[in-house]
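Below, each chain spelled out in residue letters.
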Amino acid sequence: MSITEQNSALAKANDRLTAELDAPVPVRRKRWLRRLVRNPTALVGVIILGLVVLLALSAPFIWPEPNKQSLVNARKPPGTPGHFLGTDDLGRDMLARMAHGAQVPLLVSLAAVFISGAIGVVLGLLSGYFGGFLDDFIGWLANVQLAFPFILLSIAVVAVVGKGTGTLIALIGVTSWVVYSRVVRGETLALRNKEFIESARAIGVPTSGILLRHILPNVVTSLTVIATFEVARIIILESALSFLSLGVDDNTPSWGEMLARGKQQISVAWWMPTFPGIAIMLTVLAINLVGDWLREEFDPRLQV
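Bear in mind the structure is a predicted one, so any value in this text is a computation, not a measurement. (Residues numbered from 1 in each chain as written. Predicted model: local features only at pLDDT ≥ 70, side-chain atom pairs only at ≥ 80, totals over all residues. Heavy atoms only, no water.)

### As for the overall build of the protein chain
Reasoning step 1: Helix and strand counts for the protein chain stand at 13 helices and zero strands.
Reasoning step 2: Each of the 304 residues in the protein chain was classed as buried or not, and the buried ones make up 42%.
Reasoning step 3: Look at the contacts in the protein chain between residues 6 or more apart in sequence, and 71% of them connect residues 24 or more apart.
Reasoning step 4: Split by element, the accessible area of the protein chain, about 16,400 Å² in all, is 67% carbon and sulfur. (Helix = DSSP H or I, 4+ residues; strand = E, 2+ residues; numbered from the N terminus. Buried < 20%, exposed > 50% of the residue type's maximum accessible area, 1.4 Å probe, protein only. Contact = heavy atoms within 4.5 Å. Areas by Shrake-Rupley, 256 points an atom, 1.4 Å probe, with all protein chains shown as cover.)

Structure representation (structure tokens):
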């Protein structure tokens, strides 16, 4: 492609983005929905994710007792009347536990992403804008965080504090801020000497106003995409910790805990580890498909 053709393509992309940004919100929403419908992989991801969320929200109303045991009905295969997905080794309904188990990864991932995102954004803005010693210190802190074994930290925290959803959220949230910090720092470094930032300084806008009103809105799109993929990563991480008995309480249904329990029964009840494993895989896949679509929507370089 020649330079003239490249410039023409860039100009067309810029005009299209400008027109979409200037369009009223309902028009832009319709365009997003139209592009979503035309993207089959993203649409499949949205549908799967919607079903998982619906299952998690409806679980307390449809299956109020997921831990109800019945040894008479232990290890009933899928399709048994009253037990669509069968039962586990204690006679507990698999579908009920799967529905309640969907609440844990969604709650942990969303809460942990909010905590880690808040920490990472604040540190990234400060590091990129002020630089100097503060930038070096935050960079050193990030390197230490990445070098420390997460499983070892999890074992230590669980040994001192104990297992629980709150502990899991705090542990993952506090240790997952590095990716946000580094992305925000890089974009802040690129923005801090731009003309509109210099103009804001010249008219006396305080530093907090520059960071929150001028720099932060310009990194929101990148943060949205990162947060989407982080949700998928944390779901896998939560499942792994629950599989190792480092996650939620023993009485709280979790896909990772069900997978760990099912591996001991796989020779006589194949459905016990299979359905939780499929649920984890489909949920993570759906979030990644939606994340790819969001990246295509938000990154103008991919729209040229």
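Moving on from the coordinates now.
### Quick word on the packing of helix α4 (residues 94-101) against helix α12 (residues 255-263)
Reasoning step 1: As a packed pair, α4 and α12 sit with axes 9 Å apart at the nearest point and diverge in direction by 140°. With respect to α12, the axis of α4 lies oblique. Along its contact with α4, which presents Met94, Arg97, Met98 and Gly101, the element α12 presents Trp255, Glu257 and Met258.
Reasoning step 2: Per-class residue counts for the contact of α4 with α12 are four nonpolar, one polar and two charged. (Axes fitted to C-alpha atoms, helices over the stretch in contact; angles between N-to-C directions. Parallel < 35°, antiparallel > 145°, perpendicular 65-115°, else oblique. Nonpolar A, V, L, I, M, F, W, Y, C, P; charged D, E, K, R; others polar.)

### Focus on the packing of helix α10 (residues 195-202) against helix α11 (residues 207-243)
Reasoning step 1: For the pair α10 and α11, the least separation of the axes is 11 Å and the interaxial angle reads 170°. When the interaxial angle is binned, α10 and α11 end up roughly antiparallel. Residues Phe196, Ile197, Ala200 and Arg201 of α10 form the contact with α11, whose own contacting residues are Ile210, His214, Ile215 and Asn218.
Reasoning step 2: Residue composition of the contact of α10 with α11, by class: five nonpolar, two polar and one charged.

### Here we look at the side chain of Ser116
Reasoning step 1: With respect to the helices and strands, Ser116 occurs in helix α5 (residues 103-130).
Reasoning step 2: Polar side-chain contacts of Ser116 include one of 3.3 Å to the backbone oxygen of Val113.
Reasoning step 3: Apart from residues no more than four positions distant in its own chain, Ser116 is found in contact with Gly173, Ser176, Trp177 and Tyr180. (Polar contact = N/O pair within 3.5 Å; in protein donor to acceptor, adjacent residues only side chain to side chain.)

### Structural notes on the environment of Leu110
Reasoning step 1: Inspection of the secondary structure assignment puts Leu110 in helix α5.
Reasoning step 2: Classification of Leu110 as exposed rests on a relative accessible area of 55%.

### Focus on the confidence of the model for the protein chain
Detailed reading of the predicted model is not advised wherever pLDDT is low.
Reasoning step 1: Of the residues in the protein chain, 88% reach a pLDDT of 70 or more, and the chain-wide mean stands at 84.
Reasoning step 2: Model confidence for the protein chain, summarised as mean pLDDT per element, is weakest for helix α1 (residues 3-22) at 50 and strongest for α5 at 93.
Reasoning step 3: In the model, residues 17-29 has pLDDT below 50 throughout and makes nine contacts with residues more than four positions away in sequence or in other chains. (pLDDT = per-residue confidence, 0-100.)

### So, the pattern of salt bridges
Reasoning step 1: Within this structure, the stated rule accounts for eight salt bridges.
Reasoning step 2: Note that Arg92 is salt-bridged to Asp88, the shortest N-O span being 2.8 Å. Comparing Arg92 with Asp88, the two get one shared label, buried.
Reasoning step 3: Each of the salt bridges in this network shares a partner with another, and the network as a whole consists of Asp88, Arg92, Arg97 and Glu257. (Salt bridge = Lys/Arg side-chain N within 4 Å of Asp/Glu carboxyl O.)

### A look at the nonpolar core
Reasoning step 1: Counting residues in hydrophobic clusters, the biggest one holds 54 residues, and the most contacted among them are Met98, Val108, Ile172, Ile210, Ile215 and Trp255.
Reasoning step 2: Among the elements that make up this core, the one with the highest residue count is α11 (13 residues).
Reasoning step 3: In this structure, Leu36, Ala42, Trp293 and Leu294 belong to the second largest nonpolar core, which totals six residues. (Core = buried A, V, L, I, M, F, W, Y, C linked by side-chain atoms within 4.5 Å.)

### A short note on helix α8 (residues 165-175)
Reasoning step 1: Residues of α8 that are buried: Thr167, Leu168, Ile169, Leu171, Ile172, Gly173 and Thr175.
Reasoning step 2: Close packing links the buried residues of α8 with α5, α6 (132-147), α7 (150-161) and α11.

### A short note on a nonpolar patch on the surface
Reasoning step 1: Taken together, the side chains of Phe133, Phe137, Trp140, Leu141 and Val144 define a hydrophobic patch exposed on the protein surface, amounting to about 530 Å² of accessible area.
Reasoning step 2: Along the chain, Phe137 falls in helix α6. (Patch = residues over 30% accessible without salt bridge, like charges linked within 9 Å, V, L, I, M, F, W, Y side chains within 5 Å.)

### What to know about α11
Reasoning step 1: With 37 residues, α11 should reach 54 Å at 1.5 Å per residue; the first-to-last C-alpha distance of 46 Å falls well below that figure.
Reasoning step 2: Considering bend angle alone, the principal kink of α11 is centred on Leu216 and spans about 50°; proline Pro217 follows within four residues of it.
Reasoning step 3: Just past α11, the residue Ser245 takes up positive phi, approximately 65°. (Expected span 1.5 Å × (residues − 1). Bend = angle between axes of the 7 residues up to and from the residue.)

### Comments concerning the packing of aromatic side chains
Reasoning step 1: Within the structure shown, the criterion is met by five aromatic pairs.
Reasoning step 2: A ring pair is formed by Trp270 and Trp271, whose centres lie 5.8 Å apart and whose planes are at 85°; its orientation type is edge-to-face.
Reasoning step 3: We classify Trp271 as buried; its relative accessible area is 5%.
Reasoning step 4: An aromatic cluster of at least three residues, connected via ring pairs, comprises Phe133, Phe137 and Trp140. (Phe/Tyr/Trp six-rings, centres within 6.5 Å; stacked < 30°, edge-to-face > 60°.)

### As for the environment of Val174
Reasoning step 1: Along the chain, Val174 falls in helix α8.
Reasoning step 2: Owing to a relative accessible area of 44%, Val174 belongs among the partly exposed residues under this scheme.
Reasoning step 3: Apart from the residues lying within four places of it in its own chain, the contact partners of Val174 are Ile115, Ile119 and Gln145.

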